[in-house]
Structure formats: C-alpha cells, structure tokens
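# Survey of secondary and tertiary structure
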Amino acid sequence: MKIIPAIDIINGQCVRLSQGDYDRKKVYSDNPLDIAKDFENNGITHLHLVDLDGAKSKQVVNIGVLENITTNTKLHVDFGGGVKTDEDLEKVLKSGAKQVTAGSIAVKNSEKVKSWVEKYGADKIILGADVKDKKIAINGWTEESDLELIDFIRHFYAIGVRYVICTDISKDGMLAGPATELYK
C-alpha cells in the first residue's frame, strides 16, 4: 500500500474544501512547496496535486506550483485540474508531472482520454472519478453528470486505463474517514 497525500490548490495556496464547496474552504498554507517538502522529509514518495482553480475554470491555472514542487523535490507527482487539451497535457508533463489525472475531460470527451492512453501509455493517465450520490461530478465538483460510477470506471478500464482516483465528495474534507462502503 502507498500513502499518497493530496495538496489541493486555490490561488497558489494549499486548501481543503468541505464536500467540494468552494465557499467552505480552509487555507492550510500559503506555500505548497513547504508542505510537499514536509511530506518528502517524512518518507512520502508520491503526491496528488489538484489545481482546483483549473478544475473550476476548465483550464490549467496553477502550473507554477507544479513546476516549483517537481523542481525542488523528488516526489512522484500526479497532477489534475483543468487538463482538457493535448497542449495542457504536454505542458503538465513538461512541468514535471509523472502522471495526469483526467476527470471532467473523461466525461466530456472519452475519445480524447483514449487517445492519451494510446499515445502516452496507461501508466501516465489516471482516471479521476469524483462521485456524489454514485454519479460522476465534474468541473471542480460544480456539476453532476448522469454517469454511474461503476459504469464510468468499467468503460475506461476497457479502453486501457489502469489507475483510478475516486473521491466521495460527501466525505471529502469532513475528517470523517474514508468512504469504505463505496470503495468496496
């Protein structure tokens, strides 16, 4: 088992939203690099970095935070939030991300994600399956889709995706433990 902490970024700050609500955010640090270094110094090897500004605005916003962390740590960073185009994906990989999480784009354009898996390999693409009431949520959790979680994952598994990050929005940021029943 690997422990993979996440750093969620809004306006360059480390934050935690309560149940995906942008109006209910807590700022933990103004310096994501310091937090990433603390993780690294405590034996963490992987980091999930989420550009919440990017997810909400549908374009990568906090690329500088990614570059700062990948340049100044040895962490294996996967990055998500606002990656919608081939250019976005290239920019994120060139900025040091080892993997990219495809969330909203997987709902809106599954063929695009399939092309990324084919071009970059299944080890580079993570399916972001953020879920509310068993339905996939998109665009920084501001919209719900009609897609059922299990069907969504099965579809992408069939086209080659092997990694999934699943977040139960109702539990996220509530410090109430994992969504064990959902994950089973």
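See above for the structure.
Residues numbered from 1 in each chain as written. Predicted model: local features only at pLDDT ≥ 70, side-chain atom pairs only at ≥ 80, totals over all residues. Heavy atoms only, no water.

## A few points about the side chain of aspartate 8
- Checked against the element boundaries, aspartate 8 lands in strand S1 (residues 6–10).
- A polar side-chain atom of aspartate 8 sits 3.1 Å from a polar atom in the side chain of arginine 16.
- With near-sequence residues (within four places) excluded, aspartate 8 lies in contact with Gln13, Cys14, Val15, Arg16, Val50 and Leu52. (Helix = DSSP H or I, 4+ residues; strand = E, 2+ residues; numbered from the N terminus. Polar contact = N/O pair within 3.5 Å; in protein donor to acceptor, adjacent residues only side chain to side chain. Contact = heavy atoms within 4.5 Å.)

## Quick notes on the packing of helix H4 (residues 86–94) against helix H6 (residues 110–120)
- Running from amino to carboxyl end, H4 crosses H6 at an angle of 40°, the nearest separation of the two axes being 11 Å. Compared by their axis directions, H4 and H6 come out oblique. Viewed along their axes, H4 and H6 form a crossing whose handedness is right-handed. Residues Asp86, Leu89, Glu90 and Leu93 of H4 form the contact with H6, whose participating residues are Lys112, Trp116, Lys119 and Tyr120.
- Of the residues in the contact of H4 with H6, the class split is four nonpolar, no polar and four charged. (Axes fitted to C-alpha atoms, helices over the stretch in contact; angles between N-to-C directions. Parallel < 35°, antiparallel > 145°, perpendicular 65-115°, else oblique. Left-handed = near helix turned anticlockwise from the far one by under 90°. Nonpolar A, V, L, I, M, F, W, Y, C, P; charged D, E, K, R; others polar.)

## Points about unusual backbone geometry
- The backbone phi angle of lysine 58 is positive, close to 65°, even though this residue is not glycine.
- Residue placement: lysine 58 occurs in the loop between helix H2 (52–57) and helix H3 (63–72).
- Look at lysine 58 and you get partly exposed, because its relative accessible area is 45%.
- Within the chain, aspartate 133 stands out as a residue other than glycine whose phi angle is a positive 55°. (Buried < 20%, exposed > 50% of the residue type's maximum accessible area, 1.4 Å probe, protein only.)

## Considerations on the packing of aromatic side chains
- Tallied over the entire structure, the rule returns one aromatic pair.
- Relative to phenylalanine 156, the ring of phenylalanine 152 lies with its centre 5.2 Å away and its plane at 65°, an arrangement referred to as edge-to-face. Of the two residues, phenylalanine 152 and phenylalanine 156 both sit in helix H7 (residues 149–158), four residues apart, roughly one turn of that helix. As far as the burial class goes, phenylalanine 152 and phenylalanine 156 line up, both buried.
- The side chain of lysine 56 reaches across the aromatic face of tyrosine 22, ending 4.4 Å from its centre.
- Lying over the aromatic face of tyrosine 157, arginine 162 brings its terminal NZ or CZ to 3.9 Å of the ring centre. (Phe/Tyr/Trp six-rings, centres within 6.5 Å; stacked < 30°, edge-to-face > 60°. Lys NZ or Arg CZ within 6 Å of the ring centre and 35° of its normal.)

## As for the pairing of S1
- Most of S1 sits out of view: four of its five residues are buried.
- In this sheet, strand S4 (residues 46–51) lies alongside S1 in parallel orientation, the contact comprising four bridges. Each bridged residue has a counterpart across the sheet, and for isoleucine 9 the counterpart in S4 is aspartate 51.
- Sheet analysis places S1 next to strand S2 (residues 13–18), joined by three bridges and oriented antiparallel. Looking at S2, one finds that aspartate 8 is bridged to valine 15.
- What sits between S1 and S2 in their antiparallel hairpin is a turn of two residues, with asparagine 11 showing a positive phi close to 50°. (Pairing = 2+ DSSP bridges.)

## A word on the environment of histidine 48
- When you line up the elements, histidine 48 lands in strand S4.
- Among the residues examined, histidine 48 registers a relative accessible area of 12% and is labelled buried.
- Separated by 122 residues in sequence, histidine 48 and serine 170 place their C-alpha atoms 19 Å apart.
- Ignoring any residue separated from it by four or fewer positions in sequence, one finds histidine 48 in contact with Ile4, Pro5, Ala6, Ile7, Asp78, Thr101 and Ile165.
- One polar contact links histidine 48 to aspartate 78, side chain to side chain, over a distance of 2.4 Å.

## Remarks on H7
- Buried within H7 are the following residues: Leu149, Phe152 and Phe156. All buried residues of H7 lie within an arc of 70° about the axis, which places them on one face of the element. Exposed and oriented more than 90 degrees from the buried face of H7 are Arg154, Tyr157 and Ala158.
- Just beyond H7, the residue with positive phi is glycine 160, at close to 115°. (Arc of directions from axis to C-beta.)

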